[in-house]
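Understanding the architecture of this molecule
Listed below are the residues making up each chain.
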Amino acid sequence: METQLQTCYFTKKGPFLITLFGYATKSVPGLEINGLGKYGKAIKEKIVFVTRSRQLQIPLKRFVLNVEMTDDLGDLETNSVKWLEYPLLLHYWFLAGLLPISKLDNCLAVGSLSPSGLVEEPLNPSVLSLCEDFKLHLIASSGGWESPCGVIDGRDLFSGLTELEYKVKAV
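This write-up is about the structure you can find in this document. The residue count restarts for each chain, going from 1 along the sequence in the order it is written. Where totals are concerned, whole chains, interfaces and linings use all residues; where local detail is concerned, this predicted model gives features only for residues with pLDDT of at least 70, and gives and counts side-chain atom pairs only at 80 or more. Side-chain numbers come from the whole structure's heavy atoms, not from hydrogens or water.

**Some details on the packing of aromatic side chains**
Within 6.5 Å between ring centres, the rings of Phe, Tyr and Trp (the latter by its six-membered ring) count as paired, and their orientation is classed by plane angle as stacked under 30 degrees, edge-to-face over 60, tilted in between. Inspection of the entire model under this criterion finds 4 aromatic pairs. With a centroid separation of 5.2 Å and 90° between ring planes, the pair formed by phenylalanine 63 and tyrosine 92 is classed as edge-to-face. Residue phenylalanine 63 is found in strand S4 (residues 62–68), and its partner tyrosine 92 is found in helix H3 (residues 85–95); the two are separated by 29 residues along the sequence. In terms of burial, phenylalanine 63 and tyrosine 92 fall into one category: buried. With a centroid separation of 5.4 Å and an interplanar angle of 85°, the aromatic rings of tryptophan 93 and phenylalanine 158 are classed as edge-to-face. Here tryptophan 93, found in helix H3, pairs with phenylalanine 158, found in helix H5 (residues 154–158); they are 65 residues apart in sequence, far enough to count as distant. Relative accessibility under 20% of the residue-type maximum defines a buried residue, over 50% an exposed one, and the middle range a partly exposed one, all with a 1.4 Å probe and only protein chains included. Here tryptophan 93 falls in the buried class, since its relative accessible area comes to 0%. On the basis of relative accessible area, phenylalanine 158 is assigned to the buried category, the value being 1%. Counting every residue linked through ring pairs, the aromatic cluster contains Tyr86, Trp93 and Phe158. Helix numbers and strand numbers start at the N terminus; a helix is a DSSP run of H or I with at least 4 residues, a strand a run of E with at least 2.

Structure (C-alpha cells):
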C-alpha cells in the first residue's frame, strides 16, 4: 500500500506546500521517516509512543514515510518541522489501516503533536488559500474553518480509535 498527503512547511515568507509520501511492505517491521535529517528520529519516537500508549494494533509491516523538502526552503528549523508531526501520524495510521478514509492523496493536514496527544493546528488564511489553490481537502479538528474543497474533521477520523485533543496555534 502507498499514498501521499500534503502538508505545510512554514517560512518567513509564509507556508509552502510539501508532499509526504510513503508505503507499507511485508518486510522487517518498523517505522522509518526520511527527509528530515536529525528531526526524523525524534518525530518517529513520538509517533511510536503515542501509538503504543493508546494500545493501537499496528500490522507487522515496514512503514516508510518520506518528506519531500526542496532546497529553496533553506535549513530545517525546529519551529517549522514540528508542524509535520500530526500529518506524519495521520499518514502512518492510514498506512496501518487504522483510519476510515479511502485516500489521502487530495488532502492537506498540518499540526504538531505532544506525547499526551495534544494536536496544535497552525490554521490561518494562508493555509486555507493553499487548499483552494491546489484543490485540497483540509483535515482539521479545531472547528470554525471552511475550505472550498471541504473540511474533514480529524476527530471523526479517530472516532472509535483514540481521543486526541486539539487547539489552534497562531503562526
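Having seen the structure, we can now continue with the description.
**Observations regarding the sheet that holds strand S10 (residues 165–168)**
The strands making up a sheet associate through backbone hydrogen bonding, with each pair oriented either parallel or antiparallel. Here we have 3 strands laid out as an open sheet, ordered S6-S7-S10, and mixed in their pairing. Every interior strand has two partners, whereas the edge strands, strand S6 (112–113) and S10, have only one. Pairing of S6 with strand S7 (residues 118–121), which is carried by 2 bridges, proceeds in the antiparallel orientation. For serine 112, the partnering residue across the bridge sits in S7 and is glutamate 120. Two strands pair if DSSP finds at least two bridges between them.

**Section: the pattern of salt bridges**
Take a side-chain nitrogen of Lys or Arg and a carboxyl oxygen of Asp or Glu: if they are within 4 Å of each other, that pair is a salt bridge. All chains considered together, the criterion is met by 5 salt bridges. Two residues, glutamate 45 and lysine 41, come together in a salt bridge whose shortest N-O distance is 3.8 Å. Taken together, the positions of glutamate 45 and lysine 41, both in helix H1 (residues 38–53) and 4 residues apart, correspond to about one turn of that helix. Lysine 41 gets classed as exposed once you look at its relative accessible area, which sits at 58%.

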